[in-house]
Amino acid sequence: MEKKIRKICCIGAGYVGGPSMAVIADRCPYLDINVIDKNIERIAKWNSTNLEELPIYEPGLKEVIKRVRNRNLFFSNDLEKNIAEADMIFISVNTPTKSRGIGAGQASDLKWIESCARLIGEHSIGSSIIVEKSTIPVKTAQTIKSILDSYSFKKTLDNEKIKSFSILSNPEFLAEGTAISDLENPDRVLIGGEDEMAINTLKEIYLNWIKGSKIITTDLWSSELSKLIANAFLAQRISSINSITPLCELTGANINDVAIAIGMDSRIGKYFLNSGPGFGGSCFKKDILNLVYICNHYGLIEVADYWEKVIDINNWQQKRLTRIIVEKLFGTISEKKLAILGFAFKANTNDIRESPAIRICKDLLEEGCYLNIFDPKVNELQIKEELGVNDKDRLPETNRGSWVFTSSITQAVNGADAIVVLTDWSEFNNLNFENFSKIMRSPSWVFDTRNVVNVKAAKLYGFKVWKLGDGSTN
Ligand code: UDX
Ligand code: ADP
């Protein structure tokens, strides 16, 4: 048996809430979906008539939004009304790592989850199904349940209509950059919970476009834990392949050939073996830190240490890249100009959360160089929030380097000593080295950390090339 659902509300109009509700609205025209957020500016962008101004960039998102917005998908700041009217409420708010207090630097900060639970407790009428979609530590559903139970109890004492809540865990496995296709054709949908009616109700929604055999159900904790572990395993693969890159550089081997050779073993598989400047994004580091925190909490020190190493390798790879750039440019980059191509944490997104470019650019600036930064989708303000003071407001007496935002690749490269590719945007596959050789200082260098540059073309025009994990270019 399932409950008939008509109105859905999603708290959080971010990288997860926005695209996932857009796809549900597209596939289930009979549902009314309201995505709500406390951030007024963000909602205004989602409602913008110019689809280029949507707050997030995802291939295919514009087209879906065009079909469903103001048909059965609405974006609003009216939290109370939409929570009150909803039969089902998704929670898709952010849960960053705590920056202070107990668990600082490891545990997730659940203050936004808690405030959502309180909002729901306050404004929800009748029975509701609450679906947690945010990536959260194990047993967060319990926190939400305890808060909601206390509101129900209080209403009973006040002789008001009793509310009942069922909590489900339905982790979102979409990857940014491929969010729409991941949502339309997921490997699996995971639903965790205890209330069979609530589970079936959510399952019915997904059955509109996903085969039943891909929808799996578990208890709450297994579902929450599976999301953490899936991300930990994916991140571990990246640290594993990245740990081999210097060995290839030193011995003359090639990391891409190694990845192909090992990936053809069906037990290993060919996906997620691209070496690079380390993983970024909002999930991997946060989730591993959570796993480490939970393991330490249960006294599993060796297990915690094992997973922590995945992050250590990631940090080490980023530091290592800066050292190589400095070393190749005659031991100093002070007052030299570097063109940074790509600031997003991966291609096809405008997201820079935990992007390796942040750490690498900060380290380069410490060396006193000038950076010309270009990214096709990231804007200057986002970069400023991470790197701080740019060229315009730099104090001349400081030895620290400075950066400027450039609106084209050519502008970034103009007058530079080196090009450093940090994101795998396809725009960087066919760089115009002929033109660059005329406008850069020589010797001109290319540092390719993403295996996207046409090395032959670069060498043809006299460029010196360093490519991650490629022993032949060192
Ligand atoms: C990840 C998970 O893939 C997704 O299932 C989960 O829901 C959220 O976290 P996301 O962070 O959006 O998704 O992107 P993903 O494609 O996993 O890439 C993460 C980072 O790893 C990026 O910085 C990417 O460049 C890097 N990466 C990925 C590699 O360095 N090599 C690879 O082979 C794959
Ligand atoms: P994710 O990648 O997990 O989707 P984002 O940071 O992109 O994370 O989006 C989370 C959204 O949730 C933000 O737009 C933020 O304003 C919103 N949010 C956080 N807490 C609340 C809350 N209590 N009520 C409404 N919106 C919230």
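Note on numbering: residues in each chain are counted from 1, in written sequence order. Chain letters start at A and ligand numbers start at 1, both assigned in the order the entries are written. Two thresholds apply to this predicted model, a pLDDT of at least 70 for residue-level local features and 80 or more for giving and counting side-chain atom pairs, whereas whole-chain, interface and lining totals are computed over all residues. As a rule here, side-chain values cover all heavy atoms of the structure and leave hydrogens and water aside.

1. Describing the site of ligand 1
Cut-off, in case you're wondering: Near is defined per residue: the residue qualifies when any heavy atom it owns lies within 4 Å of the molecule or strand. Identification of polar contacts relies on pairs of N or O atoms within 3.5 Å, with a donor-acceptor requirement for protein atoms, meaning one able to donate a hydrogen and the other able to accept it, and with residues adjacent in sequence counted only if both atoms are side-chain atoms. Accessible surface is estimated by sampling points in the Shrake-Rupley manner with a 1.4 Å probe; for residues, cover comes only from the protein chains shown. Numbering of helices and strands runs from the N terminus, with a helix taken as a DSSP run of H or I at least four residues long and a strand as a DSSP run of E at least two residues long. Following the grouping adopted for this structure description, the nonpolar residues are Ala, Val, Leu, Ile, Met, Phe, Trp, Tyr, Cys and Pro, the charged ones are Asp, Glu, Lys and Arg, and the polar ones are all others, Gly among them. The domain limits used here are those given by an automatic or database domain assignment.
Near ligand 1 there are 19 residues, and of these Phe173, Glu176, Asn274, Lys346 and Arg450 occur at the shortest range. Between an oxygen atom of ligand 1 and a main-chain N or O atom of Phe173, the distance comes to 2.6 Å. Within the complex, the protein chains bury 91% of what would otherwise be the 660 Å² of accessible surface of ligand 1. Of all the elements, helix 9 (residues 220-251) adds the most residues to the shell around ligand 1, at four residues. Among the residues making up the shell around ligand 1, the classes are represented as 11 nonpolar, three polar and five charged. Shared between two domains, the shell around ligand 1 takes at least three residues from each, and those domains are domain 1 (7-218) and domain 2 (219-474).

2. Describing the packing of helix 9 against helix 11 (residues 284-297)
Let me state the cut-off plainly: Interaxial angles span 0 to 180 degrees and are taken between N-to-C directions of axes, which are lines fitted to C-alpha atoms, for helices over the stretch in contact. Roughly parallel means an angle under 35 degrees; roughly antiparallel means over 145; roughly perpendicular covers 65 to 115; every other angle is labelled oblique. For a crossing to be left-handed, the near helix must be turned anticlockwise from the far one by less than a right angle; the clockwise case is right-handed. Contact criterion: two residues are considered in contact whenever any of their non-hydrogen atoms come within 4.5 Å of each other.
Contact geometry of helix 9 with helix 11 gives a least axis separation of 9 Å together with a crossing angle of 115°. Comparing the axis directions of helix 9 and helix 11 gives the class roughly perpendicular. Two packed elements cross with a definite hand, and for helix 9 against helix 11 that hand is left-handed. Where helix 9 approaches helix 11, its residues Lys227, Leu228, Ile229, Asn231, Ala232, Leu234, Ala235 and Ile238 are matched on the opposing element by Phe284, Asp287, Ile288, Asn290, Leu291 and Ile294. Here the residues of the contact of helix 9 with helix 11 are counted per class, giving 10 nonpolar, two polar and two charged.

3. Observations concerning the nonpolar core
Formally: We define a nonpolar core as any set of buried Ala, Val, Leu, Ile, Met, Phe, Trp, Tyr and Cys residues linked to one another through side-chain atoms lying within 4.5 Å. Only protein chains enter the accessibility calculation, which uses a 1.4 Å probe; a residue whose area is less than 20% of its type maximum is buried, one above 50% is exposed, and one in between is partly exposed.
Counting 54 residues, the largest nonpolar core has Leu371 and Ile419 as the members making the most contacts within it. Counting residues per element, this core draws most heavily on helix 13 (residues 356-366), at six residues. Setting aside chain neighbours within four positions, we find Ile419 in contact with Ala339, Leu341, Val413, Phe433, Phe436, Met440, Trp445, Val446, Phe447 and Phe463. Membership of the second largest hydrophobic core comes to 44 residues, among which are Ile8, Ala13, Ile129 and Val189.

4. Topic: the environment of Glu302
Topologically, Glu302 is positioned in helix 12 (residues 301-328). When its relative accessible area of 63% is taken as the criterion, Glu302 is described as exposed. Considered as a pair, Glu302 and Val292 are 10 residues apart in the sequence and their alpha carbons are 9.8 Å apart.

5. A closer look at the pairing of strand 7 (residues 189-192)
What counts, and what does not: The crossover handedness rule: strands pointing away from the viewer, path from first strand over the helix to second strand clockwise, crossover right-handed.
In strand 7, alternate side chains face the same way, and those of Val189 and Ile191 on one face and Leu190 and Gly192 on the other are all buried. With helix 8 (residues 196-206) bridging strand 7 and its parallel neighbour strand 8 (residues 215-218), the resulting β-α-β unit is right-handed.

6. Here we look at the site of ligand 2
Every one of the 16 residues lining ligand 2 counts as a neighbour, but Val16, Asp37, Arg42, Ser115 and Arg353 are closest to it. Between ligand 2 and Asp37, the relevant distance is 2.6 Å, taken from an oxygen atom to a side-chain nitrogen or oxygen of the residue. Here an oxygen atom of ligand 2 and a side-chain polar atom of Arg353 are 2.9 Å apart. Here the residues of the shell around ligand 2 sort into six nonpolar, six polar and four charged.

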